[in-house]
Amino acid sequence: MNCYITYIGVIDKLGRVHSVNLKPGLNIITGKSSTGKSALMEIFDYCFGSSDFTVPVGVITENADMYFVSLRFLKTTIVLARKPDSSKAFIREVADFKDEENPAVFPQGFFEEKLFLTLTKFKKELAGYFGLTITDVDLDEAEKDFRGKKSPSPSIRSFTSFMLQHQNLVANKHAVFYRFDEKEKREQTIDHVKVFLGFADQSYFLLSQDLNNAKVELRKLEYALPKKNEEDAQRLELLTAYLNEFSSITGKHLLDELPAAILNNPFKWMEHIKSQQLVFDSASDEYTTQIKNSEAIRARLVSELRGLERDRSAIRSSIDYAEEYAQKISKLDYPHKADDYVTECPFCRQSTNAIELEANNLTSAIDWLNDQLSRSPHMKGSFQSEERRLNKAIEKKQVEVRSIEEKISHLRSQIHSVTQRQSLFELALKAKLRVENFLEDLCDGESTDIANLIEKKQEEIKGIQKKIDRYGIKEKMVYAESFIAKTMNDIGSRLDFEESYKPVKLEFSLETFDLWNNRFDRKVYLRSMGSGANWLYCHLVLFMALHKLFCSLRQACKIPPILFLDQPTQVYFPNISLDTKAKFDAKELVPADKQAKVDHDVKSVERFFSEIADFCELTEKETGQKPQIIVTDHADNLNLEGGKIFNSYVRERWRDYGFIH
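In short, a report on the structure. (Residues numbered from 1 in each chain as written. Predicted model: local features only at pLDDT ≥ 70, side-chain atom pairs only at ≥ 80, totals over all residues. Heavy atoms only, no water.)

Thoughts on the side chain of Ser70
- Summarising the element assignment, Ser70 is placed in strand S4 (residues 64–72).
- A residue is classified by how much of its surface remains accessible, and Ser70, at 2% relative accessible area, is buried.
- Among the polar contacts listed, one links the side chain of Ser70 to the side chain of Thr6, at a separation of 2.3 Å. (Helix = DSSP H or I, 4+ residues; strand = E, 2+ residues; numbered from the N terminus. Buried < 20%, exposed > 50% of the residue type's maximum accessible area, 1.4 Å probe, protein only. Polar contact = N/O pair within 3.5 Å; in protein donor to acceptor, adjacent residues only side chain to side chain.)

Structure representation (structure tokens):
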């Protein structure tokens, strides 16, 4: 995102404008204590939609009537403004606003009341300028329905985690990112980073929802398939029984097709049956054959049932025995060890190890016994599991026996009906009508080919997955992590890390936002990396690497390459409250016991300021976009490396006066 700050300012209660003009690249605001340097970051954060008013109480808050920030985009400029401690924010586009123009000439009525929006509306309006228009980032609609609301949408407020390094954060060993002390905001930023980097758009999330919905539907079909198969098996069994009944009565087959084929096209065969005349074969032995086959099946099933019942009886006996055995051994006082002593012959007084060998054998026996005794009570559990399995098998077998007995009984009832002077024609007609009614019910009901639906749903899932794969999110995230690591280590090789951490091997995860150094084949996290200088350089190289990544992604990236660093030299010059004179003196800001290192520390500070300036120039050369790094600090009049002039980067020097003057 090609965007940078042109002005940060305050309009006081007398209508006067106090502002700082900023440019792409390195911007330094230097000055003594209590001049308003740190307030610049807070003013920006406040005008960028923060719900908290954190501008330091003092001269600025006592005089301010309005805070404002102007942001320059490729083709336009927008002005953001807020009144002190207000729940509304102002946003206005100014197409012809030039960087060199003094914002002191805001025209009369520029800050129209109607352009002050609620924070919610303001953030949505501002997000549009950064191309952040995604409103639905849920990957699974089922989870969204369960929560009863959508996941939080990507917000421009998450940008500030990449843009602001406060005084208490810039060299912190426990925290790296602004706002990450709030778990919800941390998780949102991490979840949305693929959106901010331009790797995912709204279509990606909608496709992900479609994919998850299709997977849910597939699971439902897969769960329904066994039930459908069971229902089909029951229909097949019932139709076979009806057809066999007809055959046993008439001696003829009602249809010359297999029952399974009839079920596949019930309407065709129903029409065929309706047009068919009843024909009898009195010489057929179909009835006898069906009775004989059914009784053979019953004999087999009963035999299997009895076998299962015997197995269950044996298991039940084992369970009873295990319970009884467990009760008995719980009352035993069995040995835990065997004590042995050196023995000697009572005649010759020579020592012998015979008793010791026996004691060792006894100890081994005791250990084995204790092991077996400890296992015995647990055998009951395996027996109970086997008993449960047998109970289910017996119940299923009993159902099969009852079913075949009902079939035999029904066949025998046909003979009884004939002896009661019911005509064979009537019995055959009833059997035929049963088949007709059965097929008619199938035609009226909805017949669903679940197996075919499963196949179609699997093809649909493959198609959606291919579309998602085209985004290459995982590959892009891996590339980004590699890019960040390479940039961090390149910059870090030129900074004054402690010798024990050289060569620098930093890595950063976009999945967890953890930063670590690879040392001795293990991850050494920031909190374990020694001195404040190491912590400062880790923060510095990570954020420079991130902003180089943002620039390399150009307009696809939503995050503007704007970085605030507040008081980074406090690691070297901790006594900043003593900086009250008209000229910066490093020795006055260092404790007495560290005076000998002042010159070395000043060189380190000059080196990292030089590195920041070089970084901005090199990034513009490589990516076509220059990051904007705004450093507010006490350090002044430094001798930068490579012939760079420190004053050329200084935008304000507040020694004789401050931000409000």
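Here the narrative resumes.
Details of the pairing of strand S5 (residues 77–82)
- With respect to burial, S5 is a largely interior element, six of its six residues being buried.
- Of the two faces of S5, the one holding Thr77, Val79 and Ala81 and the one holding Ile78, Leu80 and Arg82 are both buried throughout.
- Between the end of S4 and the start of S5, which pair antiparallel, lie four residues.
- Relative to strand S6 (residues 88–94), S5 is paired through five bridges, and the arrangement is antiparallel. Within S6, the position partnered with Ile78 by the bridge is Glu93.
- Where S5 folds back on S6, the antiparallel hairpin that results is connected by five residues, among which Asp85 adopts a positive phi of roughly 50 degrees. (Pairing = 2+ DSSP bridges.)

Observations regarding the state of the cysteines
- If you walk through the whole model with that rule in mind, you get zero disulfides.
- Here Cys557 is not cross-linked by a disulfide; its sulfur's nearest cysteine counterpart is in Cys551, at 8.4 Å. (Disulfide = S-S within 2.5 Å.)

A word on the packing of aromatic side chains
- Within the structure shown, the criterion is met by 36 aromatic pairs.
- Pairing Phe162 with Phe177 gives two aromatic rings, centres 6.0 Å apart and planes at 75 degrees, and the pair type is edge-to-face. One end of the pair, Phe162, is in helix H5 (residues 160–163); the other, Phe177, is in the loop between strand S8 (164–165) and helix H6 (183–196), with 15 residues separating them in the sequence. Side by side, Phe162 and Phe177 carry an identical accessibility label, which is buried.
- Joined through ring pairs, the aromatic side chains of Phe44, Phe48, Phe73, Tyr129, Phe130, Phe159, Phe196 and Phe564 make up one cluster.
- A cation over a ring is seen here: Arg92 above Phe110, with NZ or CZ 4.8 Å from the ring centre.
- Cation over ring: Lys523 sits above Trp516, and NZ or CZ is 4.2 Å from the ring centre. (Phe/Tyr/Trp six-rings, centres within 6.5 Å; stacked < 30°, edge-to-face > 60°. Lys NZ or Arg CZ within 6 Å of the ring centre and 35° of its normal.)

Notes on the packing of helix H15 (residues 473–492) against helix H16 (residues 532–552)
- Close contact between H15 and H16 brings their axes to 8 Å; oriented N to C, the two are set at 130 degrees. The orientation of H15 relative to H16 falls into the category oblique. Crossing handedness for the pair H15 and H16: right-handed. Across from Ala480, Phe483, Ile484, Thr487, Met488, Ile491 and Gly492 in H15, the residues of H16 making contact are Val541, Leu542, Met544, Ala545, Leu546, Lys548, Leu549 and Ser552.
- In terms of residue class, the contact of H15 with H16 is made up of eleven nonpolar, three polar and one charged. (Axes fitted to C-alpha atoms, helices over the stretch in contact; angles between N-to-C directions. Parallel < 35°, antiparallel > 145°, perpendicular 65-115°, else oblique. Left-handed = near helix turned anticlockwise from the far one by under 90°. Contact = heavy atoms within 4.5 Å. Nonpolar A, V, L, I, M, F, W, Y, C, P; charged D, E, K, R; others polar.)

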